[in-house]
Amino acid sequence: VSSSSINIPEISQSVQKLMDSLNGTEIQSFSSFSLLDFIKTDNFGYISNDDLTVIASLLYATVLKTNFIIDERNTGERLHEDVAIGYEAAINQELSIDFIFTNPNKTTFTLQTYESSNVLTVSLVGMPFIYSYEVNASPVTYYNPRKVIQFSAFVATGAIEVLEEGISGQEVNINKTIFEGTNEIQSYEVSEDYYGPVYRVELHPLKKDEVTESNNGSSPNELEPSPGSEDTNDGQTNDTTE
């Protein structure tokens, strides 16, 4: 009744083991499935949060195209590099951040998994639904990162050190439409996923100030304040933001 795939550069042994364990798993009528509970009850052993996020995202994309209920789904601070925006289901074992869904139907469904040429596929097999479900993503909106400039006496004149390259932010809406045959029954927004930009941080040298003597008789040892030097009595580097 539904199927989704993810292409990843390298399939780890723990991902292979989890895919094998999920194959044939039955989602009983009116029962819930928790990925964190699954790896505990299956005595799975160690698996990283990144690998779990790949599998959870694959499960999420699969059940999203059905009438299954999503009980818990989270996104990370940064989008996982192997997951399409809008379809991430982040997992964090230390914080008990899980992916959970429920089968609201009177029949049992079965998960089937496949691996081929670095492509992971999860299918949900069972009785056909009365309605059909279509999931669409809106065009992705990008947000350019701002630039933060810091000044330091340890940077050579004319040089610039990049402390953080910066990453563009992204935002997408996921919409779901329910059909009875060719007739549209309902359409609604499932989620609005947003990943904020990461600022670009540059370290610039301090600017040299010219020593000037003002007409009011001030000492020539008093320096004119350099740009961005306000409120820096602690001797730390100065920041400006563009």
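Residues numbered from 1 in each chain as written. Predicted model: local features only at pLDDT ≥ 70, side-chain atom pairs only at ≥ 80, totals over all residues. Heavy atoms only, no water.

Draft legend 1. Expanded view of the pairing of strand β13 (residues 183–195). Two strands pair when backbone bridges link them, and strand β12 (residues 169–180) and β13 are joined in this way by 11 bridges, in the antiparallel orientation. The partner of Asn-173 across the bridge, within β13, is Glu-192. (Pairing = 2+ DSSP bridges. Helix = DSSP H or I, 4+ residues; strand = E, 2+ residues; numbered from the N terminus.)

Draft legend 2. Broad picture of the sheet that holds strand β1 (residues 2–7). Spatially, β1-β7-β6-β2 is the arrangement adopted by the four strands of the open sheet, whose pairing is antiparallel. The strands lining the two open edges of the sheet, one partner per strand, are β1 and β2 (26–27). Relative to strand β7 (residues 119–125), β1 is paired through six bridges, and the arrangement is antiparallel. Its bridge partner lying in β7, Ser-3 is registered against Ser-123. Along the sheet, helix α1 (residues 13–22) makes contact with β6 (109–116) and β7, crossing β6 at roughly 145°. (Contact = heavy atoms within 4.5 Å. Axes fitted to C-alpha atoms, helices over the stretch in contact; angles between N-to-C directions.)

Draft legend 3. Main features of helix α3 (residues 49–63). Taking 1.5 Å as the rise per residue, α3 with 15 residues should run 21 Å; its terminal C-alpha atoms sit 21 Å apart, in good agreement. Burial within α3 is extensive, with 14 of its 15 residues counted as buried. (Expected span 1.5 Å × (residues − 1). Buried < 20%, exposed > 50% of the residue type's maximum accessible area, 1.4 Å probe, protein only.)

Draft legend 4. Layout of the confidence of the model for the protein chain. Of the residues in the protein chain, 85% reach a pLDDT of 70 or more, and the chain-wide mean stands at 88. With pLDDT under 50 throughout, residues 210–236 is counted as low confidence; its partners more than four residues away or in other chains account for 16 contacts. (pLDDT = per-residue confidence, 0-100.)

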